Amino acid sequence: MMSVYCDELGKRVLLDLHAITSISGDYGRITLDYRCICGNPGRLHTGRHQRSGMSGHVA
């Protein structure tokens, strides 16, 4: 499970691992692309250089 912010619903939601559409890594950071429960694609950045607001729907 992972928690992401949904812009459409205006709150954090839990997604299971089946929501992940791709995973990539670069410079100590992992980027997860996912499909939110509202149907919109999203992106979550993790790793050493994580900043607030690093998850949300992709425009």
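Refer to the structure above for everything that follows.
What you see is a predicted model; the values in this text were computed from it and never measured. (Residues numbered from 1 in each chain as written. Predicted model: local features only at pLDDT ≥ 70, side-chain atom pairs only at ≥ 80, totals over all residues. Heavy atoms only, no water.)

### Some details on the overall build of the protein
- Each helix and strand in the protein was counted, giving zero helices and six strands.
- Sequence-ordered secondary structure for the protein, helices as α and strands as β, is β-β-β-β-β-β.
- Looking at the protein as a whole, 31% of its 59 residues are labelled buried.
- Relative to all contacts within the protein whose residues are 6 or more apart in sequence, the contacts with residues 24 or more apart total 21%.
- Entry remark: accessible area of the protein is about 4200 Å², with carbon and sulfur atoms responsible for 51%. (Helix = DSSP H or I, 4+ residues; strand = E, 2+ residues; numbered from the N terminus. Buried < 20%, exposed > 50% of the residue type's maximum accessible area, 1.4 Å probe, protein only. Contact = heavy atoms within 4.5 Å. Areas by Shrake-Rupley, 256 points an atom, 1.4 Å probe, with all protein chains shown as cover.)

### Structural notes on the pairing of strand S3 (residues 20-26)
- The pairing of S3 with strand S4 (residues 29-35) spans six bridges and is classified as antiparallel. Note that in S4 the partner of Ser24 across the bridge is Thr31.
- The loop that links S3 with its antiparallel partner S4 comprises two residues; one of these, Tyr27, has a positive phi angle of about 55 degrees. (Pairing = 2+ DSSP bridges.)

### Concerning the pattern of salt bridges
- Counted by the stated rule, this structure contains one salt bridge.
- Between Asp33 and Arg43 there is a salt bridge whose closest N-O contact spans 2.7 Å. In this pair, Asp33 sits in strand S4 while Arg43 sits in strand S5 (residues 41-47), placing the two residues 10 residues apart along the sequence.
- Asp33 sits in the buried class, given a relative accessible area of 17%.
- By relative accessible area, which is 33% here, Arg43 ends up partly exposed. (Salt bridge = Lys/Arg side-chain N within 4 Å of Asp/Glu carboxyl O.)

### Remarks on the side chain of Asp33
- Only 2.7 Å separates the side chain of Asp33 from the side chain of Arg43, close enough to count as a polar contact.
- Once you skip the residues sitting within four places of it in the chain, Asp33 turns out to touch Ala19, Ile20, Thr21, Ser22, Gly42 and Arg43. (Polar contact = N/O pair within 3.5 Å; in protein donor to acceptor, adjacent residues only side chain to side chain.)

### Here we look at the nonpolar core
- Counting residues in hydrophobic clusters, the biggest one holds 10 residues: Met2, Val4, Cys6, Val13, Leu15, Ala19, Leu32, Tyr34, Cys36 and Leu44.
- Sorting the residues of this core by element identifies strand S1 (2-6), strand S2 (11-15) and S4 as the ones contributing at least two each.
- Here this core takes three residues from S1, the largest share from any one element.
- Aside from chain neighbours lying at most four places away, what touches Leu15 is Met1, Met2, Val4, Tyr34, Arg35, Cys36 and Ile37. (Core = buried A, V, L, I, M, F, W, Y, C linked by side-chain atoms within 4.5 Å.)

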